[in-house]
Amino acid sequence: MCRQPVADQLTAINTAPYPDSAFDLNVRQQAFGTCLQHALLHWQELCCSNDFNSFAAKASIRCLSLPQLILHKKEVMGALLNGIRSGKCYSLEALFHCLVAIAKDLGASFVTYFPLSVEAITCCLEGTMELDANHVESAFRCLATLCTLLWRSGKVTMLHILECTRHIRNHPKQHVRKLAAQAVAPAVRSSTNEIILASVRN
């Protein structure tokens, strides 16, 4: 069976934000856990890579409740972003899901970590051609979801989102620029500011 050319794989990538239902918690989970805890439990059954297991060991005892996660958010985010920066492909999809999960937990306060999150995503994409298209897709769906979550919070301006994503949207690699623009687009389309729309087109 012939392997699909990398260019064709990248063309087929879906950059839409993850649906809310992918991270929704049931009533018991809302009362006694966090989105991050739920994501860790889910991926511990599917991902056996050392990078993910290392992050899970550090994070699992620090996200049993939202107050606990907020108290330890700096440590958890540091470990998570380091794992993403390493770019180990077998860990990336799980780590990207965990990044979205903690963004849902922290809400608008996640904006503090948004620039570093975008930087980590960009860093792991530097070797895009070595990554499976599924991992590249996970990266941009993660980016799209983070932008959408922050915009929906009502406490983060679109200009701030655009500023934080400027580097990846101006990436030297054309396919990265294209996918980044597509990832930011859902949040931008929800804005009625034509000046902002024009800045994205440029």
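None of these values were measured; they are calculated from a predicted model. Counting restarts for each chain: residues are numbered from 1 in the order of the written sequence. The model is predicted, so local features are restricted to residues of pLDDT at least 70 and side-chain atom pairs to those at 80 or more, both for listing and for counting; the totals for chains, interfaces and linings are taken over all residues. The side-chain figures draw on all heavy atoms in the structure; neither hydrogens nor water molecules are used.

Asks: Outline helix α12 (residues 174-189), supporting the account with residue identities and numerical values.
Replies: Strands are runs of DSSP state E lasting at least two residues, helices are runs of H or I lasting at least four, and both sets are numbered from the N terminus onward. The span you would expect from a helix comes to 1.5 Å times its residue count less one. Between its first and last C-alpha, α12 extends 22 Å over 16 residues, near the 22 Å set by a 1.5 Å rise per residue. What we call the bend at a residue is the angle made by axes fitted to the seven residues finishing there and the seven residues starting there. Of all the bends found along α12, the most pronounced is centred on alanine 183 and spans about 30 degrees, while proline 186, a proline, follows it within four residues. Relative accessible area decides the class of each residue, using a 1.4 Å probe on protein chains only: under 20% of the type maximum gives buried, over 50% gives exposed, and in between gives partly exposed. Where α12 is concerned, the buried positions are Val176, Leu179, Ala180, Ala183, Val184, Ala185, Ala187 and Val188.

Asks: Talk me through the pattern of salt bridges; I want residue IDs and the actual numbers.
Replies: What counts as a salt bridge is simple: a side-chain nitrogen of Lys or Arg found within 4 Å of a carboxyl oxygen of Asp or Glu. With the rule as written, the count across this model stands at three salt bridges. Between glutamate 75 and arginine 62 there is a salt bridge, with the nearest N and O atoms lying 3.3 Å from each other. Here glutamate 75 is found in helix α6 (residues 73-86), whereas its partner arginine 62 is found in the loop between α4 (50-59) and α5 (66-71), with 13 residues between them in sequence. Residue class for glutamate 75 comes out partly exposed when judged on its relative accessible area of 44%. With its nearest N and O atoms 2.7 Å apart, the salt bridge here joins arginine 166 to glutamate 163. Residue class for arginine 166 comes out partly exposed when judged on its relative accessible area of 42%. Judged by its relative accessible area of 46%, glutamate 163 falls in the partly exposed class.

Asks: Any chance you could break down helix α7 (residues 89-106) for me, citing the residues and the numbers?
Replies: It helps to recall that an α-helix has 3.6 residues per turn; residues three or four apart then point in one direction. Its 18 residues give α7 an end-to-end C-alpha distance of 26 Å, which sits within 8% of 26 Å, the value for a rise of 1.5 Å per residue. Counting buried positions along α7 yields 14 of 18 residues, so the element is predominantly enclosed. Downstream of α7 by a residue or two, glycine 107 has a phi angle that is positive, lying close to 65 degrees.

Asks: Break down the state of the cysteines for me, citing the residues and quoting the values.
Replies: Any two cysteine sulfur atoms lying within 2.5 Å of each other are counted as a disulfide. Applying the stated rule across the entire model yields zero disulfides. The structure places no disulfide on cysteine 47, whose sulfur is separated from the nearest cysteine sulfur, that of cysteine 48, by 6.8 Å. Judged by its relative accessible area of 5%, cysteine 47 falls in the buried class. Cysteine 48 gets classed as exposed once you look at its relative accessible area, which sits at 64%.

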